[in-house]
Amino acid sequence: MRFTVLATFAALLTYCWFLLKVGQARRKFGVEAPKTTGNADFERIFRVQQNTVEQLVLFLPSLWIFGFYVSDILAGLLGLGWTAARALYAAEYYADAKTRGPGAALTFLIGIVLLVGGTIGALIKGV
């Protein structure tokens, strides 16, 4: 499961980067916790981090189910694709929230492929 582990590491490291960006943005734009609004630039940075948390709930279990029941290597590749899609989403959202579509769609698509593929793999191997 080494490729699944590496993909997990890459995804969580990216998430940590987004967390750090929120902390930096709080200082830069003067948005003190617990506030999450008040400056549009801060709000975009905050939403990338929050949306990534929301997507991790689908992604991580699906990645591991797929890696275990289908293919560790393919799970690793799809996981790295998911992380790249999150980086694309972040770049799009930071620039203009209206342009986040491609990164968001690719993130969701990879998550669904992992979920459905892993579930099918589990059902087939369970027979």
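Please refer to the structure higher up on the page.
Residues numbered from 1 in each chain as written. Predicted model: local features only at pLDDT ≥ 70, side-chain atom pairs only at ≥ 80, totals over all residues. Heavy atoms only, no water.

## Some details on the overall build of the chain
- For the chain, the helix and strand inventory stands at four helices and zero strands.
- In sequence order, the chain lays out its α and β elements as α-α-α-α.
- Based on the C-alpha atoms only, the size of the chain along its principal axes is roughly 55 × 25 × 20 Å.
- A buried classification covers 39% of the 127 residues belonging to the chain. (Helix = DSSP H or I, 4+ residues; strand = E, 2+ residues; numbered from the N terminus. Buried < 20%, exposed > 50% of the residue type's maximum accessible area, 1.4 Å probe, protein only.)

## Points about the pattern of salt bridges
- This model, assessed by the stated rule, comprises two salt bridges.
- Two residues, Asp41 and Arg44, come together in a salt bridge whose shortest N-O distance is 2.4 Å. Of this pair, Asp41 and Arg44 both sit in helix H2 (residues 40-69), three residues apart, roughly one helical turn.
- Owing to a relative accessible area of 35%, Asp41 belongs among the partly exposed residues under this scheme.
- A salt bridge links Glu54 to Arg47, with the shortest nitrogen-to-oxygen separation between them at 3.6 Å. (Salt bridge = Lys/Arg side-chain N within 4 Å of Asp/Glu carboxyl O.)

## Structural notes on the side chain of Thr52
- Assignment of secondary structure puts Thr52 in helix H2.
- For Thr52, the side chain forms a polar contact with the main-chain oxygen of Val48, separated by 2.7 Å.
- With residues up to four places along the chain from it excluded, the contact list for Thr52 reads Tyr15, Phe18, Trp82 and Arg86. (Polar contact = N/O pair within 3.5 Å; in protein donor to acceptor, adjacent residues only side chain to side chain. Contact = heavy atoms within 4.5 Å.)

## Regarding the packing of aromatic side chains
- Evaluated as defined, the whole model comprises four aromatic pairs.
- Ring geometry for Phe42 against Phe46: centres 5.8 Å apart, planes inclined by 20 degrees, an arrangement best described as stacked. Here Phe42 pairs with Phe46, and both are found in helix H2, just four residues apart, close to one helical turn. Take Phe42 and Phe46: they sit in the same class, and that class is buried.
- When the centroid spacing of 4.0 Å and the interplanar angle of 10 degrees are considered together, the rings of Phe59 and Trp82 count as stacked. Placement of the pair is Phe59 in helix H2 and Trp82 in helix H3 (residues 72-95), with a sequence separation of 23 residues. (Phe/Tyr/Trp six-rings, centres within 6.5 Å; stacked < 30°, edge-to-face > 60°.)

## Regarding the nonpolar core
- Membership of the largest hydrophobic core comes to 13 residues, with the highest contact counts inside it found for Leu56, Phe59, Leu63, Trp82 and Leu114.
- Counting only elements with at least two residues in this core, the list comes to helix H1 (2-29), H2, H3 and helix H4 (101-125).
- Element by element, the count of residues in this core is highest for H2, at five residues.
- Residues within four places of Leu56 in sequence aside, it is in contact with Ala11, Leu12, Tyr15, Pro61 and Trp82. (Core = buried A, V, L, I, M, F, W, Y, C linked by side-chain atoms within 4.5 Å.)

## Some remarks on a nonpolar patch on the surface
- On the surface, Met1, Phe3, Val5, Leu6, Trp64, Ile65, Phe68, Tyr69, Val70, Ile73, Leu74 and Leu77 cluster together into a nonpolar patch covering about 1100 Å² of accessible area.
- Elements with a minimum of two residues in the nonpolar patch: H1, H2 and H3.
- Considering each element in turn, the nonpolar patch owes the most residues, four residues, to H2.
- Inspection of the secondary structure assignment puts Tyr69 in helix H2. (Patch = residues over 30% accessible without salt bridge, like charges linked within 9 Å, V, L, I, M, F, W, Y side chains within 5 Å. Areas by Shrake-Rupley, 256 points an atom, 1.4 Å probe, with all protein chains shown as cover.)

Shape is all these values report; function is a separate question.
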